[in-house]
Amino acid sequence: ATAGPRSFSAAEVRARCAQGACLVSCHRRLYDLSGFVRLHPGGEQLLRRRAGTDVSAALDGPPHRHSANARRWLEQYYVGEIEPGDEQGFAAPNPAAAAQLCAWYRDGLWVPQHYNHCLLPQDLVDWQKPLLWQVGYLGEKYDEWVHQPVDRPIRLFHSDFLEFLSKTAWYVVFMVWTPVVLYLTWVSYTSLAQGNTRLFSSFTTEYSIPVHKYYFPFIFLLGMILWSLLEYLIHRFVFHMKPPASNYYLITLHFLLHGQHHKSPFDSSRLVFPPVPASLVIGFFYGVLRLLLPEVLGLSVFVGGLCGYVIYDMMHYYLHYGSPRKGTYLYGLKAYHVKHHFEHQKSGFGISTRFWDYPFRTLIPEETFKKED
């Protein structure tokens, strides 16, 4: 027989909070958010303001709206029930916030008998096996399943070698590509300084335009801007394509490219692009620029774009694992990106900047960030 939920006394909960745990209760249901709260926008600040061992103090501040995915996400951290009669043992300095948490649980929301990390209701796959070859069989259920995020690592391949190539730590991207950016920046600038680079020289020599070394910062910046546009277009039209339910291979490709990230948005080993597959994509774009522009000019645009890519990957990791202070630009960007993952998967495609969401009309509505009464 399956064991029922574990019971926790008020004294036990307070002892765990005193040791640094972050526990939240609602209608006697207890959730351990210790490992996740710092990843939530403002979570680090909430922990700093938490007074003593007061469980509900982590909810200090006005309540705000949460999506169905956010409510479902919270159920992963259910650990048991507070013993009957002990509910009054917890102070509530902010009753409105506590009431809002309880309001997350409305009719129809799945409530488990007990916490089982491997058997959540949306798990249509076997998590004990590599996922890449399973997801294609989900068919019409894939799109909904992949946008119901979970907090657990993903394995894609049977092969340990392929699995190794598909994962990387954030600092590896910085260590691999920053020296390349610095070297190519030096090569581009010194080449332009020779004064031999002219624009349109392949069409006409009489009206060709010399490209001086003083133009390099602007060309470099142009490369960064072009990368930000490319980042937006790839994220929107490639990563967020909806594969046909009947096409096993397109579903598998989508999951490999980006679906895995939406299914497990806090898998730290899959938040940045691994250097080996990244080098193939980067090499492709370099080849395109070499065909379109004079060699040195194309290299100058390319290195600006490569720098933009490194900033993008570092920014993306920080938006998931960083704790920017409330009111800062990065705090707003983190909240914006979290909304993209949990509620607005068809908008909010900008990561390092929201700029392109404005002209392409994919900005996440501001009202979704407003506090509820």
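Residues numbered from 1 in each chain as written. Predicted model: local features only at pLDDT ≥ 70, side-chain atom pairs only at ≥ 80, totals over all residues. Heavy atoms only, no water.

A short note on the UniProt feature "transmembrane region" (unreviewed entry) in the chain
And then number 1: Within the UniProt annotation, "transmembrane region" (unreviewed entry) is assigned to residues 169-189, 214-234, 271-293 and 299-319.
And then number 2: Taken end to end, residues 169-189 is 95% helix and 0% strand, and its first and last C-alpha atoms sit 31 Å apart.
And then number 3: Between the C-alpha atoms that bound residues 214-234 the distance is 32 Å, and the span itself is 90% helix and 0% strand. (UniProt positions renumbered as here; feature names shortened; annotations may be inferred. Helix = DSSP H or I, 4+ residues; strand = E, 2+ residues; numbered from the N terminus.)

Some words on the nonpolar core
And then number 1: Core analysis: the largest hydrophobic core is formed by 33 residues, its most contacted members being Trp177, Ile282, Phe302, Leu306 and Tyr309.
And then number 2: Setting aside residues up to four positions removed in sequence, Ile282 forms contacts with Trp177, Phe302, Leu306 and Tyr309.
And then number 3: Counting residues in hydrophobic clusters, the runner-up holds 15 residues, among them Trp127, Val146, Ile154 and Phe157. (Core = buried A, V, L, I, M, F, W, Y, C linked by side-chain atoms within 4.5 Å. Buried < 20%, exposed > 50% of the residue type's maximum accessible area, 1.4 Å probe, protein only. Contact = heavy atoms within 4.5 Å.)

Let's talk about helix 8 (residues 216-239)
And then number 1: Its 24 residues give helix 8 an end-to-end C-alpha distance of 32 Å, which sits within 8% of 34 Å, the value for a rise of 1.5 Å per residue.
And then number 2: Within the sequence span of helix 8, burial applies to Phe216, Ile219, Phe220, Gly223, Trp227, Ser228, Glu231, Tyr232, His235 and Phe239.
And then number 3: The secondary structure elements touched by the buried residues of helix 8 are helix 7 (170-193), helix 9 (248-263), helix 11 (295-321) and helix 12 (329-342). (Expected span 1.5 Å × (residues − 1).)

So, the pattern of salt bridges
And then number 1: Taken as a whole, this structure holds four salt bridges when the rule is applied.
And then number 2: Across the salt bridge formed by Glu163 and Arg270, the nearest N and O atoms sit 2.5 Å from each other. Of the two residues, Glu163 is situated in helix 6 (residues 160-165) and Arg270 in the loop between helix 9 and helix 10 (275-292); the sequence distance between them amounts to 107 residues. Summarising the burial analysis for this pair, Glu163 and Arg270 share the class buried.
And then number 3: One network of salt bridges, in which partners are shared, links Glu163, Asp267 and Arg270. (Salt bridge = Lys/Arg side-chain N within 4 Å of Asp/Glu carboxyl O.)

Topic: the sheet that holds strand 3 (residues 29-32)
Pairing between the strands of a sheet comes from backbone hydrogen bonds, and it takes one of two forms, parallel or antiparallel.
And then number 1: Strands sit in the order 1-4-3-2 across an open sheet of four strands; the sheet is mixed. Two strands lie at the open edges of the sheet, namely strand 1 (7-8) and strand 2 (23-26), each paired on one side alone.
And then number 2: With two bridges connecting them, strand 1 and strand 4 (residues 78-82) associate as parallel partners. Along strand 4, the bridge assignment pairs Phe8 with Ile82. (Pairing = 2+ DSSP bridges.)

Overview of a nonpolar patch on the surface
And then number 1: On the surface, a nonpolar cluster with roughly 590 Å² of combined accessible area is contributed by Leu233, Phe237, Val238, Leu250, Leu253, Leu256, Leu257 and Phe360.
And then number 2: The set of elements that each furnish at least two residues to the nonpolar patch consists of helix 8 and helix 9.
And then number 3: The element best represented in the nonpolar patch is helix 9, accounting for four residues.
And then number 4: Position of Val238 among the secondary structure elements: in helix 8. (Patch = residues over 30% accessible without salt bridge, like charges linked within 9 Å, V, L, I, M, F, W, Y side chains within 5 Å. Areas by Shrake-Rupley, 256 points an atom, 1.4 Å probe, with all protein chains shown as cover.)

Observations concerning the packing of aromatic side chains
And then number 1: All chains considered together, the criterion is met by 21 aromatic pairs.
And then number 2: With 6.0 Å between their ring centres and 85° between their planes, Tyr232 and Phe349 make a pair best called edge-to-face. Taken together, the positions of Tyr232 in helix 8 and Phe349 in the segment after helix 12 put the pair 117 residues apart, joining distant regions of the chain.
And then number 3: For Tyr232, a relative accessible area of 1% puts it in the buried group.
And then number 4: Taken together, the ring pairs connect Trp170, Tyr171, Phe266, Tyr317 and Tyr321 into an aromatic cluster.
And then number 5: When the ring centre of Tyr336 is taken as origin, the NZ or CZ atom of Arg354, which lies over that ring, is 4.7 Å away. (Phe/Tyr/Trp six-rings, centres within 6.5 Å; stacked < 30°, edge-to-face > 60°. Lys NZ or Arg CZ within 6 Å of the ring centre and 35° of its normal.)

Observations regarding the environment of Ser269
And then number 1: Relative to the elements of secondary structure, Ser269 occurs in the loop between helix 9 and helix 10.
And then number 2: Considering only alpha carbons, one finds Ser269 and Tyr317, 48 residues apart in sequence, at a separation of 9.8 Å.
And then number 3: Apart from the residues within four sequence positions on either side, Ser269 is in contact with Lys167 and Thr168.

Considerations on the pairing of strand 3
And then number 1: Residues Arg29 and Tyr31 point to one face of strand 3 and Leu30 and Asp32 to the other, with burial holding for every one of them.
And then number 2: When strand 2 meets strand 3, the two strands line up antiparallel, connected through four bridges. For Cys26, the partnering residue across the bridge sits in strand 3 and is Arg29.
And then number 3: Alignment of strand 3 against strand 4, held across three bridges, turns out to be antiparallel.

Concerning unusual backbone geometry
And then number 1: In this structure, Arg361 takes a positive phi of about 55° despite not being glycine.
And then number 2: Relative to the assigned elements, Arg361 resides in the segment after helix 12.

Considerations on the side chain of His258
And then number 1: Summarising the element assignment, His258 is placed in helix 9.
And then number 2: When its relative accessible area of 8% is taken as the criterion, His258 is described as buried.
And then number 3: Apart from the residues within four sequence positions on either side, His258 is in contact with His235, Phe239 and His240.

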